[in-house]
Amino acid sequence: MTQDAAAEADDAIGQAIEEHRARRGPLLPLLHAVQERCGHVSDAAVARIAQALNLSRADVHGVVSFYDHFRRTPGGRHSVCVCRAEACQAVGGRALEAEARRQLGTSFGGTSADGAFSLHAVYCLGNCAAGPSVLIDDELHGRVDGARLAGLLAERRARP
Ligand code: FES
(Lines give C-alpha, C1' and ligand atoms only; values in the text may rest on other atoms or scores of the structure.)
Protein backbone atom coordinates (compact mmCIF):
# COMPACT_ATOMS: atom_id res chain seq x y z
CA MET A 1 0.00 0.00 0.00
CA THR A 2 1.38 3.42 -0.90
CA GLN A 3 1.70 6.14 1.72
CA ASP A 4 -1.20 8.03 0.11
CA ALA A 5 -3.43 4.95 0.11
CA ALA A 6 -2.52 4.22 3.74
CA ALA A 7 -3.36 7.80 4.75
CA GLU A 8 -6.64 7.58 2.82
CA ALA A 9 -7.54 4.31 4.57
CA ASP A 10 -6.63 5.86 7.90
CA ASP A 11 -8.95 8.82 7.23
CA ALA A 12 -11.75 6.49 6.14
CA ILE A 13 -11.44 4.46 9.35
CA GLY A 14 -11.44 7.62 11.48
CA GLN A 15 -14.47 8.99 9.68
CA ALA A 16 -16.40 5.71 10.06
CA ILE A 17 -15.59 5.66 13.77
CA GLU A 18 -16.88 9.20 14.24
CA GLU A 19 -20.08 8.39 12.35
CA HIS A 20 -20.87 5.24 14.32
CA ARG A 21 -19.36 5.44 17.80
CA ALA A 22 -22.36 7.17 19.40
CA ARG A 23 -24.95 4.67 18.11
CA ARG A 24 -26.30 1.81 20.11
CA GLY A 25 -24.60 -1.42 19.09
CA PRO A 26 -22.02 0.36 16.96
CA LEU A 27 -19.59 -2.48 16.28
CA LEU A 28 -21.23 -4.30 13.35
CA PRO A 29 -22.32 -1.18 11.44
CA LEU A 30 -18.86 0.27 11.98
CA LEU A 31 -17.14 -2.87 10.67
CA HIS A 32 -19.41 -2.84 7.62
CA ALA A 33 -18.59 0.83 6.99
CA VAL A 34 -14.84 0.21 7.26
CA GLN A 35 -14.96 -2.75 4.90
CA GLU A 36 -17.09 -0.83 2.42
CA ARG A 37 -14.66 2.10 2.40
CA CYS A 38 -11.34 0.26 2.70
CA GLY A 39 -12.16 -3.10 1.07
CA HIS A 40 -11.18 -5.04 4.20
CA VAL A 41 -10.82 -4.75 7.97
CA SER A 42 -7.10 -4.44 8.65
CA ASP A 43 -5.24 -5.04 11.92
CA ALA A 44 -4.88 -1.27 12.22
CA ALA A 45 -8.65 -0.85 11.85
CA VAL A 46 -9.29 -3.52 14.49
CA ALA A 47 -6.96 -1.69 16.91
CA ARG A 48 -8.55 1.72 16.31
CA ILE A 49 -12.10 0.39 16.56
CA ALA A 50 -11.28 -1.47 19.78
CA GLN A 51 -9.84 1.69 21.32
CA ALA A 52 -12.73 3.88 20.15
CA LEU A 53 -15.41 1.53 21.47
CA ASN A 54 -13.52 0.61 24.63
CA LEU A 55 -13.31 -3.05 23.66
CA SER A 56 -10.36 -5.40 23.55
CA ARG A 57 -8.75 -6.18 20.20
CA ALA A 58 -9.70 -9.81 20.81
CA ASP A 59 -13.38 -8.80 21.09
CA VAL A 60 -13.31 -7.00 17.76
CA HIS A 61 -11.20 -9.68 16.12
CA GLY A 62 -13.68 -12.33 17.35
CA VAL A 63 -16.57 -10.58 15.61
CA VAL A 64 -14.58 -10.06 12.40
CA SER A 65 -13.58 -13.73 12.34
CA PHE A 66 -17.09 -14.97 13.07
CA TYR A 67 -18.59 -13.46 9.92
CA ASP A 68 -17.18 -14.75 6.63
CA HIS A 69 -18.38 -11.48 5.12
CA PHE A 70 -15.51 -9.53 6.70
CA ARG A 71 -12.12 -9.73 5.00
CA ARG A 72 -8.90 -9.29 6.97
CA THR A 73 -6.76 -8.72 3.90
CA PRO A 74 -7.41 -6.78 0.68
CA GLY A 75 -9.66 -8.79 -1.60
CA GLY A 76 -8.56 -10.34 -4.90
CA ARG A 77 -9.45 -8.87 -8.27
CA HIS A 78 -12.03 -11.66 -8.71
CA SER A 79 -14.24 -13.46 -6.21
CA VAL A 80 -14.84 -17.21 -6.18
CA CYS A 81 -17.85 -18.33 -4.12
CA VAL A 82 -18.13 -22.08 -3.57
CA CYS A 83 -21.46 -23.43 -2.39
CA ARG A 84 -21.12 -25.43 0.84
CA ALA A 85 -24.82 -26.18 1.33
CA GLU A 86 -26.27 -29.67 1.55
CA ALA A 87 -27.50 -30.27 -2.00
CA CYS A 88 -24.13 -29.40 -3.48
CA GLN A 89 -22.28 -31.38 -0.82
CA ALA A 90 -24.35 -34.45 -1.76
CA VAL A 91 -22.99 -34.35 -5.32
CA GLY A 92 -19.29 -33.69 -4.75
CA GLY A 93 -19.24 -30.27 -3.12
CA ARG A 94 -16.72 -31.28 -0.47
CA ALA A 95 -14.21 -32.43 -3.06
CA LEU A 96 -14.75 -29.18 -4.95
CA GLU A 97 -14.16 -27.15 -1.77
CA ALA A 98 -10.85 -28.94 -1.25
CA GLU A 99 -9.90 -28.37 -4.89
CA ALA A 100 -10.75 -24.67 -4.68
CA ARG A 101 -8.57 -24.29 -1.56
CA ARG A 102 -5.74 -26.25 -3.20
CA GLN A 103 -5.86 -24.48 -6.56
CA LEU A 104 -6.03 -21.02 -5.01
CA GLY A 105 -3.59 -21.83 -2.21
CA THR A 106 -5.81 -20.24 0.42
CA SER A 107 -8.67 -21.06 2.74
CA PHE A 108 -12.17 -19.58 2.76
CA GLY A 109 -12.02 -15.88 3.48
CA GLY A 110 -8.50 -15.65 2.03
CA THR A 111 -6.93 -14.39 -1.19
CA SER A 112 -4.61 -16.21 -3.60
CA ALA A 113 -0.94 -15.18 -3.37
CA ASP A 114 -1.06 -13.44 -6.77
CA GLY A 115 -3.99 -11.29 -5.62
CA ALA A 116 -6.21 -12.58 -8.44
CA PHE A 117 -8.90 -14.41 -6.43
CA SER A 118 -10.66 -14.18 -3.08
CA LEU A 119 -12.27 -17.43 -1.96
CA HIS A 120 -15.62 -17.33 -0.19
CA ALA A 121 -18.01 -19.92 1.20
CA VAL A 122 -21.69 -19.46 0.39
CA TYR A 123 -24.70 -21.49 1.43
CA CYS A 124 -26.83 -22.04 -1.67
CA LEU A 125 -26.61 -20.19 -4.94
CA GLY A 126 -30.10 -21.23 -6.07
CA ASN A 127 -28.63 -23.76 -8.48
CA CYS A 128 -29.16 -26.88 -6.38
CA ALA A 129 -30.28 -29.15 -9.23
CA ALA A 130 -26.99 -28.60 -11.07
CA GLY A 131 -24.47 -28.71 -8.22
CA PRO A 132 -21.72 -28.47 -7.22
CA SER A 133 -22.13 -24.76 -7.86
CA VAL A 134 -19.61 -21.93 -8.01
CA LEU A 135 -20.11 -18.21 -8.56
CA ILE A 136 -17.09 -16.50 -10.12
CA ASP A 137 -17.64 -12.75 -9.96
CA ASP A 138 -21.17 -12.53 -11.39
CA GLU A 139 -21.14 -15.78 -13.42
CA LEU A 140 -22.81 -18.86 -12.02
CA HIS A 141 -21.45 -22.30 -12.96
CA GLY A 142 -22.97 -25.70 -12.24
CA ARG A 143 -21.66 -29.28 -12.20
CA VAL A 144 -18.18 -28.00 -11.45
CA ASP A 145 -15.40 -30.47 -10.65
CA GLY A 146 -11.71 -29.82 -10.07
CA ALA A 147 -10.74 -29.88 -13.76
CA ARG A 148 -13.57 -27.54 -14.74
CA LEU A 149 -12.72 -25.19 -11.89
CA ALA A 150 -9.10 -25.03 -13.08
CA GLY A 151 -10.31 -24.08 -16.57
CA LEU A 152 -12.69 -21.44 -15.25
CA LEU A 153 -9.99 -19.89 -13.07
CA ALA A 154 -7.47 -19.85 -15.94
CA GLU A 155 -10.03 -18.21 -18.20
CA ARG A 156 -10.90 -15.60 -15.59
CA ARG A 157 -7.28 -14.94 -14.73
CA ALA A 158 -6.60 -14.16 -18.41
CA ARG A 159 -9.25 -11.46 -18.48
CA PRO A 160 -8.08 -7.88 -17.99
S1 FES B 1 -27.17 -26.12 -2.37
FE2 FES B 1 -25.62 -25.41 -3.70
S3 FES B 1 -26.73 -24.16 -5.08
FE4 FES B 1 -28.22 -24.75 -3.64
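J.: For this particular structure, what's the right way to read the overall build of the protein chain?
T.: Within the protein chain, the secondary structure is distributed over seven helices and four strands. Taken from N to C terminus, the helices and strands of the protein chain fall in the order α-α-α-α-β-α-α-β-β-β-α. Over its C-alpha atoms, taken along the principal directions, the protein chain stretches across nearly 50 × 35 × 25 Å. Relative to its 160 residues, the protein chain shows a buried fraction of 42%.

J.: Help me understand the packing of aromatic side chains in this model?
T.: How two aromatic rings sit relative to each other is given by the distance of their centres and the angle of their planes. Inspection of every chain in the model, using the stated rule, returns two aromatic pairs. Relative to Tyr67, the ring of Phe66 has its centre 5.1 Å away and its plane inclined at 85 degrees; by these criteria the two rings are edge-to-face. On the accessibility criterion, Phe66 (66% relative accessible area) is exposed. Take Tyr67: its relative accessible area is 35%, and that puts it in the partly exposed class. Through a chain of ring-to-ring contacts, three or more aromatic side chains come together here, namely Phe66, Tyr67 and Phe70.

J.: Got a minute to help me understand the nonpolar core in this structure?
T.: Side chains of a nonpolar character, in soluble globular proteins, are inclined to be buried together. Membership of the largest hydrophobic core comes to 21 residues, with the highest contact counts inside it found for Leu30, Leu31, Val34, Val41, Ile49 and Val60. Sorting the residues of this core by element identifies α1 (3–20), α2 (27–38), α3 (43–53) and α4 (57–66) as the ones contributing at least two each. Those residues within four positions of Leu30 in sequence are excluded, and the remaining contacts are Ala16, Ile17, His20, Ile49 and Leu53. Residues Val80, Phe117, Leu152 and Leu153 belong to the second largest nonpolar core, which totals 16 residues.

J.: In this structure, what is going on with the pairing of strand β2 (residues 117–122)? I would like to understand it.
T.: It is a general feature of regular strands that their side chains alternate between the two faces of the sheet. Counting buried positions over the six residues of β2 gives six, a clear majority of the element. Neither face of β2 is left uncovered, since the one carrying Phe117, Leu119 and Ala121 and the one carrying Ser118, His120 and Val122 both have all their residues buried. Both strand β1 (residues 78–83) and β2 contribute to a ladder of six bridges, which runs parallel. Among the inter-strand pairings, His78 is bridged to a residue of β2, identified as Phe117.

J.: Honestly, the sheet that holds β1 in this entry has me stumped. Any pointers?
T.: Either a parallel or an antiparallel arrangement is found when strands of a sheet pair, and the pairing is made through backbone hydrogen bonds. Here we have four strands laid out as an open sheet, ordered β2-β1-β3-β4, and mixed in their pairing. Whereas interior strands pair on both sides, the edge strands pair on one side only; in this sheet they are β2 and β4 (139–141). Neighbour-to-neighbour, the strand axes of the sheet open up by a mean angle of 20 degrees, direction not taken into account. Contacts from helix α6 (residues 93–104) reach β1, β2 and β3 (134–136), with the element oriented near 155 degrees to β1.

J.: I'm lost on the pairing of β1 in this one. Help?
T.: Most of β1 is tucked away: five of the six residues are buried. The pairing of β1 with β3 spans three bridges and is classified as antiparallel. Bridging across to β3, Val82 finds its partner in Val134.

Thresholds applied
Residues numbered from 1 in each chain as written. Predicted model: local features only at pLDDT ≥ 70, side-chain atom pairs only at ≥ 80, totals over all residues. Heavy atoms only, no water. Helix = DSSP H or I, 4+ residues; strand = E, 2+ residues; numbered from the N terminus. Buried < 20%, exposed > 50% of the residue type's maximum accessible area, 1.4 Å probe, protein only. Phe/Tyr/Trp six-rings, centres within 6.5 Å; stacked < 30°, edge-to-face > 60°. Core = buried A, V, L, I, M, F, W, Y, C linked by side-chain atoms within 4.5 Å. Contact = heavy atoms within 4.5 Å. Pairing = 2+ DSSP bridges. Axes fitted to C-alpha atoms, helices over the stretch in contact; angles between N-to-C directions.

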